[in-house]
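Coordinate analysis (summary)
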Amino acid sequence: MTAEEFIAKLTDLMDTEAKLKLSTHLNEVEDWDSLSMVSFFSFCNTTLGKKISPEQIKAAQTVEDLYRMATD
């Protein structure tokens, strides 16, 4: 998955109109909330088959941190 594809999917998961970039800090995105975290968790664990924990998601600071979780 390319960074652009990931950002498009994350934008959809968050249901946001914010223009996300890898360098975007999650605390600056109003729509990054508990529902978005659960959606991201589900996407990674079911769709991508990545076993990540809620704690890892909470620790993420930027969109790039989430991208690395989803693609590493």
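In short, a report on the structure. (Residues numbered from 1 in each chain as written. Predicted model: local features only at pLDDT ≥ 70, side-chain atom pairs only at ≥ 80, totals over all residues. Heavy atoms only, no water.)

**As for the packing of aromatic side chains**
Under the criterion given, the structure shown has two aromatic pairs. The interplanar angle of 85° and the centroid separation of 6.2 Å between the aromatic rings of Phe6 and Phe40 together place this pair among those described as edge-to-face. Of the two residues, Phe6 sits in helix α1 (residues 3–14) while Phe40 sits in helix α2 (residues 34–47), which places them 34 residues apart along the sequence. A relative accessible area of 1% places Phe6 in the buried class. Put simply, the rings of Phe6, Phe40 and Tyr67 pair up and form one aromatic cluster. (Phe/Tyr/Trp six-rings, centres within 6.5 Å; stacked < 30°, edge-to-face > 60°. Helix = DSSP H or I, 4+ residues; strand = E, 2+ residues; numbered from the N terminus. Buried < 20%, exposed > 50% of the residue type's maximum accessible area, 1.4 Å probe, protein only.)

**What about the nonpolar core?**
In this structure, Phe6, Leu10, Trp32, Phe40 and Leu66 are the most contacted members of the largest nonpolar core, which totals 21 residues. Counting residues per element, the ones that place at least two in this core are α1, α2 and α4 (63–71). Sort the elements by how many residues they give to this core and α1 lands first, with six residues. In this structure Leu10 touches Leu20, Trp32, Phe40, Val63 and Leu66, once residues within four positions along its chain are discounted. (Core = buried A, V, L, I, M, F, W, Y, C linked by side-chain atoms within 4.5 Å. Contact = heavy atoms within 4.5 Å.)

Everything listed is a geometric property; what it means functionally is a separate question.
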